[in-house]
Each structure stands twice: as C-alpha cells, then as structure tokens.
Amino acid sequence: ADVKSCLTFPVEEDFVLKVQNSDEISTFEYDRVYKPNIPQEAVSEDTTEYIQSVMDGYNVSIFAYGQTGSGKTYTMDGPLDNPGVNLRALEELFRIVEERTPMFEYNISTSVYEIYNDKVLCLLTPAKEAKKKDFKVRQNPDGTVYVQNAKTIEVKCKKDVTDMIAVAKSNRKTASTKMNSESSRSHMLLEVSVRGFNVPANIEYLGKLFLVDLAGSERVAKSGATGARLKEAAEINKSLTALGDVMQSLQKRKSTDCVAARLRLPRHTGDR
C-alpha cells in the first residue's frame, strides 16, 4: 500500500515544519530539521560543539523528546553498526583527549540511570543487587547532585563504552504497546563526567554531559495500555509535563521563578 507522509518538510535552511492534523495545519519552528533520509552521523555531528564545551568544564544536556515510537532511542542509542548520539559523543570526547595530549590530562567516567515510575534506578548495577539498594538523589555542598549507591565506570575507549551501554540496556524497562513493540517505559540518562587538568596552567576542569533518552509521551486510547503499562504511561506523561514546566522556567530566566524540583530528571540538567 502507498504510504503518504503527514509532514511537509521545509526547503534547505528553512527550519519551519508544517504538520497536517485533520483540517488544520500546525506550524513549528526549529533550529534544525532532519529529514528521514538524514544519516545518524549528521545528527551527531551537530552536537560536537557542545561536546567541546564539556571538555572545557561546562555542563551540557542533550534530550531526545517525542511521542512513543518516534525514534528517540534509535537517535540516542542506535544499533552497533549505526550508533547514535551516545556512542558518537563519547568517541568525540576520546578524540579530543588524544588531540590535547600531553598538554591536558583527562579522566572520563560514566553512570547510567533510569527513572521508572518516579524512582531512580542504577542501570549499571545487576538486577539482584539493585533490589537490595536504595538509590537516592543527594545534593553536594556545592549544589551539584549525585545518586547515592549508584555505580560509576571509567571509560577509555569505544569498547568500554559499548560494554557499559550493553549492561545498561539489558536492565532498562521496556514493553510492547499498540503504538510501539519495544516501548521504553522509563527515562534513561547517561551521565558522563569529564575531569580535566591543564598541565602548563595548573588548572583543573570538571564538566558533565547528560545524554537523555526520554520515554515517549502516549495517548492511552491509542497505545492500549492497561494494568502496569497504564501506571507507567501516567507517570511518563506526568513527568514530561513537569519537565516542560522546568524548561519554560529556565527559558524565561526569571529570578522569581520557582523551578519545580519534585521531578528528579530536571535536577540533573546541565548549564547548556
């Protein structure tokens, strides 16, 4: 059967996307629009300037947001033969480390969490061991946050990263719905800590990169969620709404705004 797209893609350098919805056309403006035939490399390449910032001591957050089944996990993770942003971002970090040696010394460590039904879990901790631990979000005196009892792994090469991601993926919650045969039922957050030392200047840097694959928003009437899936959908939609409120407050940058800290995920967001 012929398949017709409901999207009207803009011409080159025009980042306005129009979506036909019944008798109405919704218009959205973006910094960049990727057509279906755009390769993973092109998407990841646009994140390189932010990756550079992490090496210089800044915090960076990259989110994949969208409806369930829209390709968020594929974009962030992707298959081994065509990886997404996560692996390519870390490969870029390794490239910069090599480029800056011996003037700079770097240590790169990773942690992976999922937020499932408003609870934080460490995806690098074996399931049996994780059941005995309580993963709590704590705050350091300097205002930074960490997850108590979570595991951290140092990575030095691509294999270290693929092995680490494989462990995390095996522990993440997924399930089948009418809208997605492998629907992510939790938000997954890959935290990359980069500690650098400028040898000639005797200056230390600490930057963090947060790569977030959000669970997809869904309409229960379409996904057919019931029982445990229904509770998951409610928590996912509620947390995405809270995240939207946080983003709006940050965008307005009003000192009088009280950004909701109830949701654990936004407390991990960086400076960019």
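See the structure shown above.
Residues take numbers from 1 onward in each chain, read along the sequence in its written order. Local features in this predicted model are restricted to residues of pLDDT 70 or higher, and side-chain atom pairs are both shown and tallied only at a pLDDT of 80 or more, whereas totals for entire chains, interfaces and linings draw on every residue. Computation of side-chain values: all heavy atoms of the structure, hydrogens and water removed.

### Concerning the overall build of the protein
- Scanning the protein from N- to C-terminus turns up 8 helices and 13 strands.
- What makes two residues a contact is simply this: any of their non-hydrogen atoms within 4.5 Å. In the protein, of all internal contacts separated by at least 6 residues, the share reaching a separation of at least 24 is 62%.
- The accessible surface values rely on the Shrake-Rupley method and a 1.4 Å probe; as for residues, cover is taken only from the protein chains in view. Only carbon and sulfur atoms are counted for the fraction: they give 49% of the accessible area of the protein, which is about 16100 Å². Secondary structure elements follow DSSP: runs of H or I no shorter than four residues count as helices, runs of E no shorter than two count as strands, and numbering proceeds from the N terminus.

### Here's the deal with the side chain of Arg-172
- Looking at the secondary structure, you find Arg-172 in the loop between α6 (158-171) and β10 (174-175).
- Exposure categories follow from relative accessible area, calculated using a 1.4 Å probe and restricted to protein chains: below 20% of the type maximum is buried, above 50% is exposed, and the middle band is partly exposed. Relative accessible area serves as the criterion here: at 10%, Arg-172 is assigned to the buried category.
- Other than its neighbours up to four places away in sequence, Arg-172 contacts Thr-73, Glu-114, Leu-123, Ser-184, Ser-186, His-187, Met-188, Asp-213 and Ala-215.

### Quick look at the packing of helix α2 (residues 48-55) against helix α4 (residues 85-100)
- Lines are fitted to the C-alpha atoms to define the axes, a helix being fitted only along its stretch in contact, and any angle between axes, read from their N-to-C directions, falls within 0 to 180 degrees. Following both chains from N to C, one finds α2 and α4 inclined at 55 degrees, their axes separated by 10 Å at the closest point. If you check the angle between α2 and α4, you find them oblique. Considering the relative orientation of α2 and α4, their crossing is right-handed. Counting all contacts with α2, which are made through Thr-48, Ile-51, Gln-52 and Met-55, the residues of α4 involved are Ala-89, Glu-92, Leu-93, Ile-96, Val-97 and Arg-100.
- All residues other than Ala, Val, Leu, Ile, Met, Phe, Trp, Tyr, Cys, Pro, Asp, Glu, Lys and Arg, Gly among them, are scored as polar; the first ten of these are nonpolar and the last four charged. Class assignment for the residues of the contact of α2 with α4 results in 6 nonpolar, 2 polar and 2 charged. Throughout this description, any angle smaller than 35 degrees is read as roughly parallel, any larger than 145 degrees as roughly antiparallel, any in the 65 to 115 degree range as roughly perpendicular, and the remainder as oblique. Working rule for handedness: look at the near helix, and if it is turned counterclockwise from the far one by less than a right angle, call the crossing left-handed; if clockwise, right-handed.

### Some thoughts on the environment of Tyr-65
- Mapping Tyr-65 onto the fold places it in the loop between β4 (59-64) and α3 (72-76).
- When near neighbours in sequence (up to four residues on either side) are disregarded, Tyr-65 contacts Lys-72, Leu-214 and Leu-240.

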